Amino acid sequence: MRTVLVVILLALAVTSAVFGQNFGRSAHAKDPGPRPNPSSAIPNPLPGLNKNEAALFNESLLRVSELEGSCDTCAQQPQGVPPIDPDPTNPFSPLALVNSAGMSPVFNADQCFICHFQPAIGGSTPARSPAATIAHRLGGTNTVPSFEEPDGAFREVRFKFHPDGTRDGGVHSLFTLQGRSDTPGCTLEQPDFDKAVRDRNIAFRIPLQLFGLGLIESIQDSAILSNMHSNRQEKQILGISGHPNMVPNNGTVSRFGWKAQNGSITIFAGEAYNVEMGISNDEFPMGRSEDPHCNVVYEPFDIPRTEETLYNDPLKIMPAWLMFAEFMRFVDAPRPVPLTPSAEHGKRLFNTVGCAMCHTPSFQTAGTANPQTAREEIGPHSVALRGQTVNLYSDLLVHHMGSTLADNIVQGNAGPDEFRTTPLWGLGQRLFFLHDGRTDDLNVAIQDHFSRRFSDGGDNPAKDSHSFSYEPSEANFVIERFNYLPDADRQAIFDFLRSL
């Protein structure tokens, strides 16, 4: 049976390589668009949390909602309580009143969920970019970069190379504290983004959804590596390989971020506070700028709290960045909707076309809820994370995607055209697709997985003189087979994806 399947796959791959590109772009099948957002912007916790874990999750909602300022004496309302001026759509959201501190002179955002808010707290980039709000908060005199479109995805930026030609790859903060009332006298200039755009030295990233990350963290390395070695013959025929991005210090599988560059939720959280909001912490103890006219915070700033009232409260002693990690660990995964007949058909096609070779439908976490022997005491510490099916639709590996997706950024052993297989759960309510948010059309996102050798990069906003050097995308055969399907079958796949 396996031999027959391989022969069928090979025949389909050859056929699609010849005929596939006559389809796809001119297809009548279309993305049905995102499902409506939930009635509440407050996300659900994982089912099965114990009382203390639930209390940590509720406290984490307050922490990720804090609106950051630059100094301890600038708070406009008390910390750790629901705000005086709540946004009617979200009772945790301060619209304007700062209730936290710690921002260093450079940052991308001043609140966790100002970027992670679609379709709820912890989601991806919202429908309207918050860039202008962040740029001018408290009288800030920042210029909103040209690539931050009001109705587009909110983007952070990385520069590919330093002026001397050596690799850069780091995040260059969008904004500074210039002109703000909480840091009078700060005149620190923003990077020259216009020059970076002209020189094609810029790459974009949009916020990832944070839902279900505790479940992803709980997948054992052995399960990821076993899945990598499965279906070898079929993957080889389709041109699919993939490899893990590894944590260099301990050799474990790294799995968080667009290039799987972070090995744990904790590192992910500490980096986010430091890089995105400029807040130094236990993981990243120095601010990203120490300009003497703008830097008015302690370093490290966000550390375990020793003030008497906070130290003696178990929910308040932990620093905010670590509470952000608890939020990601205990927030529930996206839940799919019941499948229509078309979506049910699309689910089957998703597998037979080959999409599931990279977008692995599910993994299982180790452990049992109530271990009876010492040998059964494995898996996550939290009972809610043990023995769970994780329907993420990702193999958590990085793959060569060719010039159409390449951003020419190297992170760990993820190369300039390599990206982690993005988990598809929650896709039904996402507004923007791909790492740079270049499109809101699911079909464009699928087609951009295709890239021939010697391509110029197509619609890739990060294409540059290196584009012609990349090998073909590992997804080429699968995309060609998708394009060769009849309209109704392609529509069924769209309907299935929007059910996730």
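Conventions and cut-offs
Residues numbered from 1 in each chain as written. Predicted model: local features only at pLDDT ≥ 70, side-chain atom pairs only at ≥ 80, totals over all residues. Heavy atoms only, no water. Helix = DSSP H or I, 4+ residues; strand = E, 2+ residues; numbered from the N terminus. Buried < 20%, exposed > 50% of the residue type's maximum accessible area, 1.4 Å probe, protein only. Contact = heavy atoms within 4.5 Å. Areas by Shrake-Rupley, 256 points an atom, 1.4 Å probe, with all protein chains shown as cover. Lys, Arg positive; Asp, Glu negative; His and termini not counted. Charge placed at Lys NZ, Arg CZ, Asp CG, Glu CD. Core = buried A, V, L, I, M, F, W, Y, C linked by side-chain atoms within 4.5 Å. 1 Å grid on protein atoms, 1.4 Å probe; cavity = no way out; pocket = protein on both sides within 12 Å on 5 of 7 lines; lining within 4 Å. Points joined across faces, edges and corners; volume = space filled by probe spheres on them. Nonpolar A, V, L, I, M, F, W, Y, C, P; charged D, E, K, R; others polar. Salt bridge = Lys/Arg side-chain N within 4 Å of Asp/Glu carboxyl O. Disulfide = S-S within 2.5 Å. Pairing = 2+ DSSP bridges. Phe/Tyr/Trp six-rings, centres within 6.5 Å; stacked < 30°, edge-to-face > 60°. Lys NZ or Arg CZ within 6 Å of the ring centre and 35° of its normal. Axes fitted to C-alpha atoms, helices over the stretch in contact; angles between N-to-C directions. Parallel < 35°, antiparallel > 145°, perpendicular 65-115°, else oblique. Left-handed = near helix turned anticlockwise from the far one by under 90°.

Draft legend 1. Quick look at the overall build of the protein chain. Looking only at helices and strands, the protein chain features 14 helices and 12 strands. C-alpha atoms of the protein chain, sized along the principal axes, occupy 70 × 65 × 45 Å. Across the 500 residues of the protein chain, 56% fall into the buried class. Sequence separation of at least 24 residues holds for 71% of the intrachain contacts in the protein chain that already meet a minimum separation of 6. In the structure as shown, the protein chain presents an accessible area of about 21300 Å², 57% of it carried by carbon and sulfur atoms. Between the centroid of the 39 positive side chains of the protein chain and the centroid of its 56 negative side chains there is a distance of 7 Å.

Draft legend 2. Region of interest: the nonpolar core. Counting 49 residues, the largest nonpolar core has Leu213, Ile216, Tyr273, Phe324, Phe327, Met328 and Leu392 as the members making the most contacts within it. Going through the elements one at a time, α2 (51-64), α5 (213-217), α6 (221-229), α8 (265-277) and α10 (320-330) are the ones with two or more residues in this core. In terms of residue count, α10 provides more of this core than any other element does, 8 residues in total. Setting aside residues up to four positions removed in sequence, Tyr273 forms contacts with Arg63, Glu68, Cys112, Gly278, Ile279, Asn281, Asp302, Ala320, Trp321 and Phe324. In this structure, Ile240, Ala356, Met357 and Ala445 belong to the second largest nonpolar core, which totals 40 residues.

Draft legend 3. Representation of the environment of Glu156 in the model. In this fold, Glu156 is placed in strand β4 (residues 156-159). Among the residues examined, Glu156 registers a relative accessible area of 11% and is labelled buried. Sequence separation between Glu156 and Asn108 is 48 residues, and the spatial gap between their C-alpha atoms is 7.0 Å.

Draft legend 4. A look at empty space enclosed by the protein. A full pass over the atoms with the stated rule returns 2 cavities of 30 Å³ or more. His359, Thr421, Thr422, Leu424 and His449 are, among the 45 residues lining the largest cavity, the residues nearest its centre. Of the residues that constitute the lining of the largest cavity, the class distribution is 32 nonpolar, 10 polar and 3 charged.

Draft legend 5. Broad picture of the pattern of salt bridges. Per the stated rule, a full pass over the model turns up 21 salt bridges. Between Arg255 and Asp221 there is a salt bridge, and its shortest N-O distance comes to 2.5 Å. Of this pair, Arg255 sits in the loop between β8 (253-254) and α8 while Asp221 sits in helix α6, placing them 34 residues apart in sequence. By relative accessible area, Asp221 is classed as partly exposed at 23%. In this structure, Lys259 engages Asp407 in a salt bridge whose closest nitrogen and oxygen atoms are separated by 2.9 Å. Remark: Asp407 occurs in the loop between β11 (398-400) and β12 (418-420) and Lys259 occurs in the loop between β8 and α8; sequence separation between them is 148 residues.

Draft legend 6. Focus on the state of the cysteines. Inspection of every chain in the model, using the stated rule, returns 1 disulfide. The residue that forms a disulfide with Cys186 is Cys294, at a sulfur-sulfur distance of 2.1 Å. Its torsion about the S-S bond being 90°, the disulfide of Cys186 and Cys294 is classed as right-handed. Residue Cys186 is located in the loop between β5 (175-176) and α4 (193-198), and its partner Cys294 is located in the loop between α8 and α9 (308-311); the two are separated by 108 residues in the primary sequence. Take Cys115: it sits in no disulfide, and the sulfur closest to it among the cysteines is that of Cys112, at 8.8 Å. Given a relative accessible area of 8%, Cys115 falls into the buried group. No disulfide involves Cys355; its nearest neighbouring cysteine sulfur is the one of Cys358, lying 9.0 Å away.

Draft legend 7. α10, seen in detail. Of all 11 residues in α10, 10 are buried; the element is thus mostly enclosed. Considered for burial, the residues of α10 that qualify are Ala320, Trp321, Met323, Phe324, Ala325, Glu326, Phe327, Met328, Arg329 and Phe330. Residues of α10 that are buried make contact with α2, α5 and α8.

Draft legend 8. View of the pairing of strand β6 (residues 202-205). Every second residue of β6 is oriented toward a common face, with Ile202 and Phe204 on one face and Ala203 and Arg205 on the other, all of them buried. Here β4 runs beside β6; their pairing, made up of 4 bridges, is antiparallel. Following the sheet pairing, Phe159 is matched in β6 by Ile202.

Draft legend 9. Layout of the packing of aromatic side chains. One pass over the full model with this rule turns up 12 aromatic pairs. Relative to Phe494, the ring of Phe482 lies with its centre 5.8 Å away and its plane at 65°, an arrangement referred to as edge-to-face. Placement of Phe482 in helix α13 (residues 476-484) and of Phe494 in helix α14 (residues 487-497) is noted, with a sequence separation of 12 residues between them. Comparing Phe482 with Phe494 shows no difference in burial state: the two are buried. Ring-pair connections join several aromatic residues into one group, and the members of that group are Phe147, Phe159, Phe193 and Phe204. In this structure, Arg155 is placed above the aromatic ring of Phe204, and the distance from its NZ or CZ to the ring centre is 4.2 Å. Here the basic side chain of Lys259 rests over the ring of Phe419, its NZ or CZ set 4.6 Å away from the ring centre.

Draft legend 10. Geometry of the packing of α8 against α10. The contact between α8 and α10 brings their axes to 8 Å, and the two run at 130°. Between α8 and α10, the angle falls in the class oblique. The two elements α8 and α10 meet at a crossing, and its hand is right-handed. Residues Ile265, Thr266, Phe268, Ala269, Gly270, Ala272 and Tyr273 of α8 form the contact with α10, whose participating residues are Ala320, Trp321, Leu322, Phe324, Ala325, Met328 and Arg329.

Draft legend 11. Layout of the side chain of Ser124. Of note, Ser124 is situated in the loop between β3 (106-107) and α3 (131-136). Setting aside chain neighbours within four positions, we find Ser124 in contact with Cys115, His116, Phe117, Gln118, Ile206, Pro207, Leu208 and Gln209.

Draft legend 12. The arrangement of the layout of surface pockets in detail. When its volume is computed, the largest pocket comes out at roughly 500 Å³. Taken together, 29 residues line the largest pocket, and the ones lying closest to its centre are His116, Glu156, Pro207, Ala272 and Glu276. Residues of the lining of the largest pocket, tallied by class, amount to 16 nonpolar, 6 polar and 7 charged.

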